[in-house]
Amino acid sequence: MDEAAWWRGAAIYQIYPRSFQDSTGTGTGDLKGVEQRLEHVAGLGVDAIWLSPVFRSPMADMGYDISDYRDIDPIFGTLADFDAVVARAHALGLKVMIDLVFSHSSDQHPWFQESRAAREGPKADWYVWADPKPDGSPPTNWHSVFGGPAWSWNPKRQQYYMHNFLPSQPDLNFWNADVQEAVLDYVRFWLDRGVDGFRLDSINYCFHDRALRDNPPLADRSGIGLTAGTVYGYQAHLYDKTQPEMLPFLERVRALLDLYAERTTVGEVGDEARSLQTMAAYTAGGDKLHMAYSFDLLGPTFTPAHIRDCVEAFDAAGGAWPCWAFSNHDVPRHASRFALTGASVERIAEFSVALLVCLRGSVCLYQGEELGLPEAELAYEDLTDPVGLAFWPEIKGRDGCRTPMPWAAEAPQAGFSTAARTWLPVAEAHRALAVDQGGPVLAAYRRMLALRREVAELRTGALRFLDWGEQGLVFLREGPGRVVCLFNFGDNPLSFTAADEWTLTEVAAERGTVDGGSITLGPYGFYLGRIS
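Residues numbered from 1 in each chain as written. Predicted model: local features only at pLDDT ≥ 70, side-chain atom pairs only at ≥ 80, totals over all residues. Heavy atoms only, no water.

Caption draft 1: Quick look at the sheet that holds strand β10 (residues 264-269). Pairing within the open sheet is parallel, and its eight strands lie in the order β11-β10-β9-β5-β2-β1-β13-β12. Only two strands of the sheet have a single neighbouring strand rather than two, namely β11 (291-294) and β12 (323-325). When strand polarity is set aside, the average angle formed by the axes of neighbouring strands in this sheet is 25°. As paired elements, β10 and β11 share four bridges and run parallel to each other. Across the sheet, Val269 pairs through a bridge with Ser294, a residue of β11. (Pairing = 2+ DSSP bridges. Helix = DSSP H or I, 4+ residues; strand = E, 2+ residues; numbered from the N terminus. Axes fitted to C-alpha atoms, helices over the stretch in contact; angles between N-to-C directions.)

Encoded structure:
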C-alpha cells in the first residue's frame, strides 16, 4: 500500500448539499452554494470533500433513491455546476469524493420500470424478485431497515421485490452480471468527469443469499446500537446482506479505480454484529476498498474501552486502513450524543476532534461539527425523514442533524438562504455558533487538523495502546518518531506516569499539566507529547 497516497490519513469533510448553502433563494442548498463556501472548508485544513448525493431523484430518501446516476437533480443545479465545484475544489487543494449508491435505485429509475413490467425481458432479472410463499406471504422473514418487511408485492409480475430500505428503493440484483457491468459503467462516468473518489453507501447490502434463507433471531441485542428501537434489530442479518460474493465485486471496483491516478474509495459498512470484521475484510489485501468505516464510533458509546475495542478489533481482523467518524447525516450530532456523559457540548466537541485526529486511519468530519453544533430539536410538522415520520416520537429520525448550516448569526436564516422558509428550519440554538462568530470549537478544529498535517506520526504512524485504567485512554503513534496521546474521559482529574526513559516535548494539550514524569489531565483534557 502506497504510504504517500493522499487518502492515507486524510481528513474528509462531508457536505450535505441540501443544507450547506442556498444560492438561489429556494430554501434548499445547491451546488453553486457549495462552490461559494469551499474557502471555509479549505480553511479548516481538510484534504477532501465528500458530497452526499446530488443525482436525479424523487427525493423519497433525500437523494439516496437515485433515478439517474449520470445527471444532477435540478434541485441542486446542473452537470456544469458540478464541474464548477470540482474545479474550484481542486484550485483550493481539495480532492472531491461523491456518494455512490450501489445496492439499490429509485423505483422511478428506468431500469426498475422495465423490470417490474414483466417476468421476461432484458432487465427482468435486474432487481431481486421472488415468488410468495404458498400462503401469499413474503419469501423470507427479512426486515427493512426503515421498518416493515423487506419485500413489497408487485401485482403485474405477481411477485415480491426486495428492498432493504424504503419500498421506493428496490434492491438491484448483483447476482446478475449485467447489473455489475452497469454499476461499473457509472463509476467510470464519474471518474472520467474528474472526481477523486467515492463514498460507497451501504456497501455490504449489495448481495443477498441466493437460497433466500430466513434470518435467525439475534440472541444478544445489547450491541446493536442504531437499530435497537426497530424490529430490524431483532434478527441476526446473516442472509439479507454481507455475503461473501461481495469481495470479488469489490476487486472489480478496485481494478477499475487503479486505471486512474490517485483515486480512492471509502465504504460504509452497516453490519451490527460484525461490522469491524467486515470493514477489515473489505479493505484487506490492497485489492478491494482503500478504506471503510462502520457505525461503531457513530453510536452512543463514548468510553476509552469502546474506542480501544473498535481499533483493536479492526486490526486483529487484518484490516488495512480504516476511516473513523463520530458524526454524519444518519446519526444525532456527537456533540449532543456524547455530552450525555456529563461534559458540556463545547467541551465534548473540542475533546472529540483531538481524539479523532490522533487515531490511526483517515477521518470523516460532518458539516457543522467544526462549530460544535448540537442536535437540533424539530417539531413533527417540520420533519422530512421517513424514519422520523414513521416512528415519532420514540425515534425522531435524522432531520435533527441535517438542518441548515449557520454562516452568519445575525443574517436571515443564519446566512444559509434568503428564502422565507427553508427545507428544514434553521435551528435558533445554532445561530450563536455560526461561522462568523469564530468560536473556540472552530479554532480547535483548525488547530488539530493543522497538527495532523504537521506531525507525520499522527497521519500515518502505527498505533499501540498502553493500559491506563477505565477513565483514561493512552496510546503511542510510532514512525518515524514516537508521540504519546493521552485522553481523560472522566469528570475527575487523572494522572499518568511516563516511562523513566521518556523525555517529553509537548505537542498539544488542553487541561493538561506536566510535572517531571507525571502528566495530570483535568476532566476531558488531553495531552500529546513527543518522546525522545
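What follows picks up the thread again.
Caption draft 2: Highlighting the packing of helix α7 (residues 275-283) against helix α8 (residues 304-316). At a minimum axis distance of 8 Å, the contact between α7 and α8 shows a crossing angle of 40°. Put simply, α7 runs oblique to α8. Two packed elements cross with a definite hand, and for α7 against α8 that hand is right-handed. On α8, the residues that touch Leu276, Gln277, Met279, Ala280 and Thr283 of α7 are Cys310, Ala313 and Phe314. Looking at the contact of α7 with α8 residue by residue, the classes come out as six nonpolar, two polar and no charged. (Parallel < 35°, antiparallel > 145°, perpendicular 65-115°, else oblique. Left-handed = near helix turned anticlockwise from the far one by under 90°. Contact = heavy atoms within 4.5 Å. Nonpolar A, V, L, I, M, F, W, Y, C, P; charged D, E, K, R; others polar.)

Caption draft 3: View of the nonpolar core. Formed by 114 residues in total, the largest nonpolar core has its most connected members in Phe102, Phe487 and Leu528. It is helix α10 (residues 345-358) that contributes the most residues to this core, nine residues altogether. Listed in part, the 18 residues of the second largest apolar core include Ala10, Trp321, Ala325 and Cys364. (Core = buried A, V, L, I, M, F, W, Y, C linked by side-chain atoms within 4.5 Å. Buried < 20%, exposed > 50% of the residue type's maximum accessible area, 1.4 Å probe, protein only.)

Caption draft 4: Spatial organisation of the pattern of salt bridges. Taken as a whole and judged by the stated rule, the model has 31 salt bridges. Salt-bridge contacts for Arg188 lead to Asp185; the nearest nitrogen and oxygen are separated by 3.2 Å. Of this pair, Arg188 and Asp185 both sit in helix α5 (residues 177-192), three residues apart, which is roughly one turn of that helix. Residue Arg188 is classed as partly exposed on the basis of its relative accessible area of 33%. One salt bridge connects Arg213 with Asp209, and the closest N-O pair in it is separated by 3.0 Å. Its relative accessible area of 42% is what places Arg213 among the partly exposed residues. The class for Asp209 is buried, based on a relative accessible area of 6%. Here the salt bridges share partners, and the residues they tie into one network are Asp61, Asp330, Asp385, Arg398 and Arg402. (Salt bridge = Lys/Arg side-chain N within 4 Å of Asp/Glu carboxyl O.)

Caption draft 5: Region of interest: the sheet that holds strand β7 (residues 151-154). Read across the open sheet, the three strands follow the order β6-β8-β7; overall the sheet is antiparallel. Both outer strands of the open sheet, β6 (129-130) and β7, are each paired with one neighbouring strand and no more. Both β7 and strand β8 (residues 159-162) contribute to a ladder of four bridges, which runs antiparallel. From the neighbouring strand, Trp153 faces β8, where its bridge partner is Tyr160.

Caption draft 6: Fine view of the side chain of Gln21. With respect to the secondary-structure elements, Gln21 resides in the loop between β1 (11-15) and α1 (31-36). Here the side chain of Gln21 touches Arg37 through a polar contact of 2.6 Å, side chain to side chain. In this structure the side chain of Gln21 is engaged in a polar contact, spanning 3.3 Å, whose partner is the side chain of Trp407. Not counting chain neighbours up to four residues away, the residues in contact with Gln21 comprise Gly29, Asp30, Gly33, Val34, Gln36, Arg37, Trp407, Gly415, Phe416 and Ser417. (Polar contact = N/O pair within 3.5 Å; in protein donor to acceptor, adjacent residues only side chain to side chain.)

Caption draft 7: Inspection of the environment of Ile395 at higher detail. Tracing the backbone shows Ile395 in the loop between α11 (386-391) and α12 (440-454). Take Ile395: its relative accessible area is 23%, and that puts it in the partly exposed class. Distance from Ile395 to Thr230, taken between C-alpha atoms, is 9.0 Å for residues 165 residues apart in sequence.

Caption draft 8: Expanded view of the pairing of strand β16 (residues 482-488). Burial analysis of β16 places six of its seven residues in the buried class, the great majority of the element. Relative to β16, strand β15 (residues 472-478) runs antiparallel, the two sharing seven bridges. Residue pairing for β16: Glu478 is matched across the bridge by Arg482. Count of turn residues in the β15/β16 antiparallel hairpin: three residues, of which Gly479 carries a positive phi of about 110°. Direction of pairing for β16 relative to strand β19 (residues 518-531): antiparallel, over a ladder of six bridges. Counted as the bridge partner of Val484 is Gly529 from β19.

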